[in-house]
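Per-entry structural report
Chain by chain, the residues run as shown.
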Amino acid sequence: MAPYLGWGLLAGLGLALVLFGAPLAALAPSLYALASQPYAWLAEPINTLRLGLGIPLLSAFLLGLLGALAPCQLSTNAAALSWLARDALEAQGSAWKRVGWFLLGKALVYLALAGVAVWVFGGTFTAPGALFTGVRRVLGPLMVLMGFLLLGLIRLPGPSLGPGRLGDWARARGGSLGAFTLGAAFGLAFCPTMFFLFFGAMLPAAVASRAGLVFPALFALGTAVPVLLILALLDRGKPKGEVLGEMRRGGRRLNLAGGVVLVVAGLYDTLVYWFL
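This one's a predicted model, so the numbers in the text were calculated from it and none came from an experiment.

What about the overall build of the chain?
Scanning the chain from terminus to terminus reveals 14 helices and zero strands. Sequence-ordered secondary structure for the chain, helices as α and strands as β, is α-α-α-α-α-α-α-α-α-α-α-α-α-α. Residue burial in the chain is summarised as follows: out of 276 residues, 47% are buried. Within the chain, counting contacts between residues at least 6 apart in sequence, those at least 24 apart form 79% of the total. Summed over its atoms, the accessible surface of the chain is roughly 13,300 Å², and 73% of this surface lies on carbon and sulfur atoms.

Have a look at this one:
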(Lines give C-alpha, C1' and ligand atoms only; values in the text may rest on other atoms or scores of the structure.)
Protein backbone atom coordinates (compact mmCIF):
# COMPACT_ATOMS: atom_id res chain seq x y z
CA MET A 1 0.00 0.00 0.00
CA ALA A 2 2.94 2.36 0.58
CA PRO A 3 3.56 3.05 -3.12
CA TYR A 4 -0.13 3.94 -3.63
CA LEU A 5 0.04 6.22 -0.58
CA GLY A 6 3.15 7.88 -1.97
CA TRP A 7 1.61 8.52 -5.37
CA GLY A 8 -1.49 9.83 -3.59
CA LEU A 9 0.66 12.27 -1.61
CA LEU A 10 2.37 13.43 -4.82
CA ALA A 11 -1.01 13.95 -6.48
CA GLY A 12 -2.19 15.83 -3.38
CA LEU A 13 0.84 18.13 -3.52
CA GLY A 14 0.18 18.84 -7.18
CA LEU A 15 -3.48 19.58 -6.51
CA ALA A 16 -2.58 21.89 -3.62
CA LEU A 17 -0.26 23.87 -5.91
CA VAL A 18 -3.08 24.30 -8.40
CA LEU A 19 -5.74 25.23 -5.82
CA PHE A 20 -3.55 27.60 -3.80
CA GLY A 21 -1.67 29.19 -6.68
CA ALA A 22 -2.60 32.78 -5.81
CA PRO A 23 -1.40 32.79 -2.16
CA LEU A 24 1.69 30.78 -3.14
CA ALA A 25 2.51 33.36 -5.81
CA ALA A 26 2.48 36.01 -3.06
CA LEU A 27 4.74 33.83 -0.88
CA ALA A 28 7.31 33.04 -3.59
CA PRO A 29 9.13 36.44 -3.58
CA SER A 30 9.56 36.25 0.19
CA LEU A 31 11.03 32.75 -0.03
CA TYR A 32 13.43 33.84 -2.76
CA ALA A 33 14.50 36.90 -0.77
CA LEU A 34 15.12 34.73 2.29
CA ALA A 35 17.24 32.28 0.27
CA SER A 36 19.22 35.25 -1.13
CA GLN A 37 20.42 36.35 2.31
CA PRO A 38 23.59 34.17 2.46
CA TYR A 39 24.67 35.66 -0.87
CA ALA A 40 23.92 39.18 0.33
CA TRP A 41 25.98 38.66 3.50
CA LEU A 42 29.07 37.12 1.89
CA ALA A 43 29.12 38.49 -1.66
CA GLU A 44 31.01 41.68 -0.82
CA PRO A 45 33.94 40.13 1.14
CA ILE A 46 34.41 37.29 -1.36
CA ASN A 47 34.23 39.65 -4.32
CA THR A 48 36.66 42.04 -2.63
CA LEU A 49 39.10 39.14 -2.11
CA ARG A 50 38.71 38.09 -5.74
CA LEU A 51 39.41 41.56 -7.11
CA GLY A 52 42.25 42.17 -4.66
CA LEU A 53 44.13 38.97 -5.56
CA GLY A 54 43.82 39.60 -9.29
CA ILE A 55 44.52 35.95 -10.21
CA PRO A 56 42.19 34.95 -13.08
CA LEU A 57 42.06 31.21 -12.32
CA LEU A 58 41.43 31.82 -8.63
CA SER A 59 38.85 34.43 -9.60
CA ALA A 60 36.88 31.78 -11.54
CA PHE A 61 36.87 29.54 -8.47
CA LEU A 62 35.76 32.39 -6.17
CA LEU A 63 32.98 33.33 -8.58
CA GLY A 64 31.81 29.73 -8.34
CA LEU A 65 31.97 29.98 -4.55
CA LEU A 66 29.75 33.06 -4.78
CA GLY A 67 27.46 31.03 -7.02
CA ALA A 68 27.16 28.39 -4.30
CA LEU A 69 25.40 31.06 -2.22
CA ALA A 70 22.84 31.85 -4.92
CA PRO A 71 19.29 30.70 -4.12
CA CYS A 72 19.18 28.20 -6.98
CA GLN A 73 22.44 26.56 -5.88
CA LEU A 74 21.49 26.37 -2.19
CA SER A 75 18.59 24.06 -2.99
CA THR A 76 20.43 21.92 -5.56
CA ASN A 77 23.51 21.58 -3.33
CA ALA A 78 21.29 20.40 -0.47
CA ALA A 79 19.70 17.86 -2.80
CA ALA A 80 23.08 16.72 -4.15
CA LEU A 81 24.50 16.33 -0.64
CA SER A 82 21.59 14.20 0.53
CA TRP A 83 22.02 11.91 -2.48
CA LEU A 84 25.81 11.74 -2.62
CA ALA A 85 26.39 11.31 1.13
CA ARG A 86 24.04 8.36 1.46
CA ASP A 87 25.09 6.69 -1.76
CA ALA A 88 28.82 7.20 -1.29
CA LEU A 89 28.98 6.06 2.33
CA GLU A 90 26.96 2.94 1.61
CA ALA A 91 29.41 2.15 -1.18
CA GLN A 92 32.23 1.72 1.34
CA GLY A 93 34.54 4.62 0.71
CA SER A 94 33.91 5.59 -2.92
CA ALA A 95 32.73 9.07 -1.91
CA TRP A 96 35.32 11.09 -3.75
CA LYS A 97 35.06 9.05 -6.92
CA ARG A 98 31.37 9.84 -7.08
CA VAL A 99 31.91 13.48 -6.18
CA GLY A 100 34.43 13.62 -9.03
CA TRP A 101 31.86 12.32 -11.50
CA PHE A 102 29.30 14.78 -10.12
CA LEU A 103 31.73 17.67 -10.66
CA LEU A 104 32.62 16.39 -14.14
CA GLY A 105 28.97 16.40 -15.16
CA LYS A 106 28.53 19.93 -13.85
CA ALA A 107 31.77 21.19 -15.42
CA LEU A 108 30.92 19.77 -18.85
CA VAL A 109 27.52 21.46 -18.79
CA TYR A 110 29.15 24.78 -17.84
CA LEU A 111 31.71 24.34 -20.61
CA ALA A 112 28.96 23.61 -23.12
CA LEU A 113 26.95 26.65 -22.00
CA ALA A 114 30.03 28.86 -22.25
CA GLY A 115 30.71 27.51 -25.74
CA VAL A 116 27.14 28.23 -26.86
CA ALA A 117 27.33 31.74 -25.40
CA VAL A 118 30.61 32.54 -27.16
CA TRP A 119 30.28 30.82 -30.53
CA VAL A 120 26.53 31.04 -31.09
CA PHE A 121 25.50 34.22 -29.28
CA GLY A 122 28.84 36.03 -29.33
CA GLY A 123 29.02 36.07 -25.53
CA THR A 124 26.12 38.52 -25.28
CA PHE A 125 23.57 36.62 -23.17
CA THR A 126 21.61 39.29 -21.31
CA ALA A 127 18.89 37.35 -19.46
CA PRO A 128 18.26 33.79 -18.27
CA GLY A 129 15.53 33.23 -20.86
CA ALA A 130 13.02 30.44 -21.29
CA LEU A 131 15.54 27.57 -21.25
CA PHE A 132 16.83 28.11 -17.72
CA THR A 133 13.38 29.04 -16.42
CA GLY A 134 12.02 25.79 -17.82
CA VAL A 135 14.85 23.78 -16.28
CA ARG A 136 14.23 25.33 -12.89
CA ARG A 137 10.55 24.42 -13.12
CA VAL A 138 11.41 20.80 -13.95
CA LEU A 139 14.09 20.37 -11.26
CA GLY A 140 11.76 21.20 -8.36
CA PRO A 141 9.20 18.42 -9.01
CA LEU A 142 12.07 16.08 -9.97
CA MET A 143 13.73 16.59 -6.58
CA VAL A 144 10.41 15.91 -4.83
CA LEU A 145 10.10 12.70 -6.85
CA MET A 146 13.68 11.72 -5.91
CA GLY A 147 12.88 12.38 -2.26
CA PHE A 148 9.80 10.17 -2.37
CA LEU A 149 11.86 7.42 -4.01
CA LEU A 150 14.53 7.72 -1.34
CA LEU A 151 11.90 7.56 1.40
CA GLY A 152 10.47 4.43 -0.18
CA LEU A 153 7.02 6.03 -0.57
CA ILE A 154 6.83 5.31 -4.29
CA ARG A 155 8.28 2.80 -6.73
CA LEU A 156 8.93 3.17 -10.41
CA PRO A 157 8.45 0.21 -12.75
CA GLY A 158 11.39 -1.66 -14.23
CA PRO A 159 14.67 -2.99 -12.83
CA SER A 160 16.56 0.29 -13.09
CA LEU A 161 15.26 1.70 -9.82
CA GLY A 162 14.48 -1.45 -7.91
CA PRO A 163 12.03 -1.62 -5.00
CA GLY A 164 11.62 2.05 -4.26
CA ARG A 165 15.33 2.86 -3.90
CA LEU A 166 16.77 5.76 -5.84
CA GLY A 167 19.88 5.00 -7.85
CA ASP A 168 20.08 1.18 -7.58
CA TRP A 169 20.70 1.03 -11.29
CA ALA A 170 23.46 3.65 -11.05
CA ARG A 171 25.00 2.02 -7.96
CA ALA A 172 25.14 -1.31 -9.78
CA ARG A 173 27.53 0.43 -12.17
CA GLY A 174 29.64 1.94 -9.41
CA GLY A 175 27.41 4.98 -8.96
CA SER A 176 29.42 7.02 -11.47
CA LEU A 177 26.63 7.39 -14.01
CA GLY A 178 24.12 8.51 -11.39
CA ALA A 179 26.53 11.09 -9.95
CA PHE A 180 27.49 12.35 -13.42
CA THR A 181 23.83 12.70 -14.45
CA LEU A 182 22.99 14.53 -11.23
CA GLY A 183 25.87 16.97 -11.78
CA ALA A 184 24.83 17.60 -15.38
CA ALA A 185 21.20 18.23 -14.41
CA PHE A 186 22.10 20.57 -11.55
CA GLY A 187 24.56 22.38 -13.85
CA LEU A 188 21.51 23.79 -15.61
CA ALA A 189 20.15 25.30 -12.40
CA PHE A 190 20.32 29.05 -13.02
CA CYS A 191 18.69 32.01 -11.32
CA PRO A 192 19.41 35.72 -11.96
CA THR A 193 22.32 35.79 -9.47
CA MET A 194 23.92 32.66 -10.89
CA PHE A 195 23.31 33.89 -14.44
CA PHE A 196 25.18 37.13 -13.77
CA LEU A 197 28.10 35.39 -12.07
CA PHE A 198 28.53 32.86 -14.88
CA PHE A 199 27.77 34.83 -18.04
CA GLY A 200 28.44 38.35 -16.78
CA ALA A 201 31.62 37.82 -14.73
CA MET A 202 33.22 34.41 -15.31
CA LEU A 203 32.68 34.14 -19.08
CA PRO A 204 34.32 37.48 -20.06
CA ALA A 205 37.35 36.60 -17.91
CA ALA A 206 37.54 33.15 -19.54
CA VAL A 207 37.41 34.64 -23.05
CA ALA A 208 40.24 37.03 -22.17
CA SER A 209 42.49 34.28 -20.75
CA ARG A 210 44.60 31.69 -22.55
CA ALA A 211 43.44 29.17 -19.93
CA GLY A 212 39.80 30.03 -20.51
CA LEU A 213 38.74 26.42 -21.06
CA VAL A 214 39.65 25.66 -17.44
CA PHE A 215 37.42 28.41 -16.03
CA PRO A 216 34.10 26.48 -16.20
CA ALA A 217 35.66 23.56 -14.29
CA LEU A 218 36.99 25.89 -11.59
CA PHE A 219 33.62 27.62 -11.43
CA ALA A 220 31.91 24.22 -11.01
CA LEU A 221 34.37 23.33 -8.24
CA GLY A 222 33.56 26.59 -6.45
CA THR A 223 29.81 25.97 -6.59
CA ALA A 224 30.33 22.55 -4.98
CA VAL A 225 32.45 23.76 -2.03
CA PRO A 226 29.62 23.37 0.56
CA VAL A 227 29.02 19.78 -0.58
CA LEU A 228 32.74 18.98 -0.46
CA LEU A 229 33.19 20.46 3.01
CA ILE A 230 30.26 18.61 4.55
CA LEU A 231 31.26 15.29 2.97
CA ALA A 232 34.80 15.78 4.30
CA LEU A 233 33.48 16.50 7.79
CA LEU A 234 31.45 13.28 7.88
CA ASP A 235 34.50 11.17 8.67
CA ARG A 236 36.59 13.84 10.40
CA GLY A 237 38.47 12.47 13.38
CA LYS A 238 37.31 8.86 13.01
CA PRO A 239 38.69 5.81 11.21
CA LYS A 240 36.89 5.27 7.93
CA GLY A 241 35.76 1.79 8.88
CA GLU A 242 34.14 3.10 12.05
CA VAL A 243 32.32 5.82 10.13
CA LEU A 244 31.10 3.37 7.51
CA GLY A 245 29.90 1.02 10.22
CA GLU A 246 27.93 3.79 11.87
CA MET A 247 26.44 4.83 8.53
CA ARG A 248 25.40 1.28 7.72
CA ARG A 249 23.79 0.89 11.16
CA GLY A 250 21.98 4.17 10.66
CA GLY A 251 21.11 3.49 7.03
CA ARG A 252 17.39 3.90 7.51
CA ARG A 253 17.88 7.23 9.24
CA LEU A 254 20.11 8.33 6.36
CA ASN A 255 17.39 7.40 3.88
CA LEU A 256 14.82 9.38 5.83
CA ALA A 257 17.06 12.43 6.27
CA GLY A 258 18.16 12.44 2.64
CA GLY A 259 14.60 12.00 1.40
CA VAL A 260 13.29 14.82 3.58
CA VAL A 261 16.03 17.18 2.37
CA LEU A 262 15.24 16.36 -1.25
CA VAL A 263 11.51 16.90 -0.74
CA VAL A 264 12.00 20.22 1.08
CA ALA A 265 14.49 21.47 -1.52
CA GLY A 266 12.18 20.38 -4.32
CA LEU A 267 9.16 22.07 -2.75
CA TYR A 268 11.17 25.28 -2.35
CA ASP A 269 12.22 25.19 -6.02
CA THR A 270 8.68 24.41 -7.14
CA LEU A 271 7.15 27.25 -5.13
CA VAL A 272 9.74 29.83 -6.18
CA TYR A 273 10.19 29.00 -9.85
CA TRP A 274 6.58 28.18 -10.66
CA PHE A 275 5.04 31.14 -8.85
CA LEU A 276 7.74 33.85 -8.76
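Quick notes on the nonpolar core
Core analysis: the biggest nonpolar cluster contains 36 residues, and Y110, F190, M194, F198, F199, M202 and F219 have the highest contact counts within it. At the level of secondary structure, the elements contributing two or more residues to this core comprise helix 2 (21–35), helix 3 (37–53), helix 4 (56–67), helix 6 (95–119), helix 10 (192–207), helix 11 (215–223) and helix 14 (251–275). Of the residues forming this core, the biggest block, nine residues, is contributed by helix 10. If we skip the residues at most four places from it in the chain, Y110 touches Q73, G187, F190, M194, F198, P216, F219, A220 and T223. Counting residues in each nonpolar core, the second largest holds 22 residues, with W83, F102, M143 and A189 among its members.

Digging into helix 4
An ideal rise of 1.5 Å per residue puts 16 Å on 12 residues; helix 4 measures up with 16 Å between its terminal C-alpha atoms. Of the residues making up helix 4, those classed as buried are S59, A60, L62, L63, G64, L66 and G67.

Some points on the packing of aromatic side chains
In total, this model carries nine aromatic pairs according to the counting rule given. Ring geometry for W101 against F180: centres 6.2 Å apart, planes inclined by 75°, an arrangement best described as edge-to-face. With a gap of 79 residues between them, W101 in helix 6 and F180 in helix 9 (residues 176–186) connect regions that are remote in the sequence. On the accessibility criterion, W101 (34% relative accessible area) is partly exposed. Owing to a relative accessible area of 25%, F180 belongs among the partly exposed residues under this scheme. Here the aromatic rings of Y110 and F219 are separated by 5.5 Å at their centres, their planes lie at 80°, and the arrangement is edge-to-face. Separated by 109 residues along the polypeptide, Y110 in helix 6 and F219 in helix 11 bring together distant segments of the chain. With relative accessibility at 0%, the residue Y110 sits in the buried group. By relative accessible area, F219 is classed as buried at 0%.

Rules used in this analysis
Numbering of residues starts from 1 in each chain and follows the order in which that chain's sequence is written. Residues qualify for local features only when their pLDDT is at least 70, as the model is predicted, and side-chain atom pairs are given and counted only at 80 or more; totals for whole chains, interfaces and linings, by contrast, use all residues. Side-chain figures throughout are based on the complete set of non-hydrogen atoms in the structure, without hydrogens or water. Strands are runs of DSSP state E lasting at least 2 residues, helices are runs of H or I lasting at least 4, and numbering of each runs from the N terminus. When accessible area is computed with a 1.4 Å probe and restricted to protein chains, residues below 20% of their type maximum are described as buried, those above 50% as exposed, and intermediate ones as partly exposed. In this description, contact between two residues means that some pair of their heavy atoms is separated by no more than 4.5 Å. Reported accessibility uses the Shrake-Rupley method at a 1.4 Å probe radius. Residues are deemed covered only where the shown protein chains occlude them. Put simply, buried Ala, Val, Leu, Ile, Met, Phe, Trp, Tyr and Cys residues joined by side-chain atoms within 4.5 Å make one nonpolar core. Expected span of a helix, by definition, is 1.5 Å for each gap between consecutive residues, and there is one gap fewer than residues. Here a Phe, Tyr or Trp ring, Trp counted by its six-membered ring, pairs with any other such ring whose centre lies within 6.5 Å, and the pair is stacked when the planes are under 30 degrees apart, edge-to-face when over 60, and tilted otherwise.

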